[in-house]
Amino acid sequence: MFLKNIYIISLTAVLCFFSVSSNATVVEIRTSLGDIEVNLFDESTPETVENFLTYVNSGAYANVVIHRSVGGFIIQSGGFEYSSPAVAGEVPLDEIETGPSVINEPVYSNLRATIAMAKVSGLANSATSQWFINLADNSSNLDTQNSGFTVFGQVSDAGMQTVDAIAATSTVNLGGAFTDIPMQNYTSADFSNDVVIEEENLVLISDVVVTDSSVTSAANLNPVVNTLINSDTSGGNVSSSGGGAFLWLSLVALLGFGARLQTRRDQA
């Protein structure tokens with residue numbers, strides 16, 4: 001797909017508007033396997049939350065898919081939307097358009113049930129639209145590499161039931177950015193035989209909506225502070241396309257205004 005310049009200009013304008021008008025701290029990620037409630041850390045990671053809410057409020061996360069799932073590690077989304085009609089032999093997913101990258105805010109630790117931003121390997125301040133939810137304690141890896149990955153919210157206990165259901169869904173290797181995409185009633189053999197990928201085969205996010213606009217809704221939460229950030233900066237990468245010991249996180253990051261990055265594969 002070619003970059004839609006007018007869309008980027010509009011998205012940037014929306015970002016500026018919502019950065020001063022939105023203080024929501026609870027959102028609901030509505031997936032085809034259930035809802036995921038997330039409490040955002042507005043006061044601790046303000047730039048990241050504002051960036052995330054820009055995509056939420058613009059509707060950019062409607063019809064995106066969970067495009068990567070690695071057991072015991074993460075599920076990931078925010079980068080690719082389902083395109084219809086699907087065509088046999090093709091992956092019906094398009095990259096969403098992204099706005100400016102956001103500054104890194106590695107305040108909290110990447111523990112189970114936290115949501116964090118992915119970014120380009122070796123570029124600390126490169127996160128745009130893609131995010132991941134930690135399925136386990138990934139602090140020893142993700143709190144240090146690439147200047148640390150920004151945790152900007154916490155998933156509720158009920159929400160983690162949905163996350164775990166997604167993580168339990170079988171994955172298929174469709175190649176490219178989709179080597180670990182969770183799919184229902186669809187196999188690698190189906191793809192090899194050019195069986196059309198339908199909407200119901202994917203774990204689809206119909207929308208992400210704000211459910212609580214109270215800035216202090218996270219007051220009773222006790223996220224763990226990232227104390228490893230200054231101790232070690234080596235290791236794999238959970239970037240806008242990360243992989244390594246944990247395979248790849250396929251993420252797209254836009255470096256600056258008006259330029260679109262091609263999906264890259266970095267180490268996790």
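Quantities reported herein were computed from a predicted structural model and do not represent experimental measurements.

K.L.:
How would you summarise the nonpolar core if you had to cite specific residues and measurements?
P.N.:
Residues Phe52, Trp131 and Ile133 are the most contacted members of the largest nonpolar core, which totals 32 residues. Where this core is concerned, the elements lending two or more residues are strand 1 (26-31), strand 2 (34-40), helix 2 (46-58), strand 8 (114-117), strand 9 (131-134), strand 10 (151-155), helix 4 (157-167) and strand 13 (204-212). No other element matches the 5 residues that helix 2 contributes to this core. Counting 15 residues, the second largest nonpolar core, distinct from the first, contains Leu93, Phe178, Ile181 and Leu202.

K.L.:
How would you summarise the confidence of the model for the protein chain if you had to cite specific residues and measurements?
P.N.:
Confidence in the prediction of the protein chain, expressed as mean pLDDT, is 82, and 76% of residues score 70 or more. Across residues 232-237, where pLDDT falls below 50, the model places 20 contacts with residues more than four positions away in sequence or in other chains. In this model residues 241-268 is a low-confidence stretch, pLDDT under 50, and it forms 124 contacts with partners more than four residues away in sequence or in other chains.

K.L.:
Requested: an account of the pairing of strand 5 (residues 74-77), with residues and values cited.
P.N.:
Burial along strand 5 is two-sided: the residues Ile74 and Gln76 and Ile75 and Ser77 are all buried. The pairing of strand 4 (residues 68-70) with strand 5 spans 3 bridges and is antiparallel. Each bridged residue has a counterpart across the sheet, and for Ser69 the counterpart in strand 5 is Ile75. In sequence, strand 4 turns back onto strand 5 through a hairpin of 3 residues, with Gly72 there showing a positive phi of about 75 degrees. Bridge count for strand 5 against strand 9 is 4 bridges, and the pairing is antiparallel. Each bridged residue has a counterpart across the sheet, and for Ile75 the counterpart in strand 9 is Ile133.

K.L.:
Tell me about the packing of aromatic side chains, residues and numbers included.
P.N.:
Where two aromatic rings form a pair, the distance of their centres and the angle of their planes describe that pair. Taken as a whole and assessed by the stated rule, the structure comprises 6 aromatic pairs. Arranged with centres 5.1 Å apart and planes meeting at 50 degrees, the rings of Phe52 and Phe152 form a pair that is tilted. With a gap of 100 residues between them, Phe52 in helix 2 and Phe152 in strand 10 connect regions that are remote in the sequence. The two residues Phe52 and Phe152 agree in class, both being buried. With 6.1 Å between their ring centres and 75 degrees between their planes, Phe132 and Phe149 make a pair best called edge-to-face.

K.L.:
So what about helix 2? Which residues, and what values?
P.N.:
The first and last C-alpha atoms of helix 2 sit 18 Å apart over 13 residues, in line with the 18 Å expected at 1.5 Å per residue. When we look at burial in helix 2, the residues that qualify are Thr48, Val49, Asn51, Phe52, Leu53, Thr54, Tyr55 and Val56. Among the residues trailing helix 2, Gly59 stands out with phi positive, at a value near 80 degrees.

K.L.:
Give me unusual backbone geometry: which residues, what numbers.
P.N.:
Between Ser84 and Pro85 the backbone carries a cis peptide bond, its omega angle lying at 0 degrees. Mapped onto the secondary structure, Pro85 falls in the loop between strand 6 (80-82) and strand 7 (93-95). Positive phi, close to 75 degrees, is recorded for Asn63, a residue that is not glycine. Take Asn63: it is sitting in the loop between helix 2 and strand 3 (64-65). Accessibility expressed as a relative area gives 26% for Asn63, which makes it partly exposed. One non-glycine residue, Asp194, lies in the positive phi region at around 60 degrees. In this structure, Asp194 sits in the loop between helix 5 (188-192) and strand 13. Residue classification places Asp194 among the partly exposed positions, given a relative accessible area of 44%.

Calculation rules
- Residues numbered from 1 in each chain as written.
- Predicted model: local features only at pLDDT ≥ 70, side-chain atom pairs only at ≥ 80, totals over all residues.
- Heavy atoms only, no water.
- Core = buried A, V, L, I, M, F, W, Y, C linked by side-chain atoms within 4.5 Å.
- Buried < 20%, exposed > 50% of the residue type's maximum accessible area, 1.4 Å probe, protein only.
- Helix = DSSP H or I, 4+ residues; strand = E, 2+ residues; numbered from the N terminus.
- pLDDT = per-residue confidence, 0-100.
- Contact = heavy atoms within 4.5 Å.
- Pairing = 2+ DSSP bridges.
- Phe/Tyr/Trp six-rings, centres within 6.5 Å; stacked < 30°, edge-to-face > 60°.
- Expected span 1.5 Å × (residues − 1).

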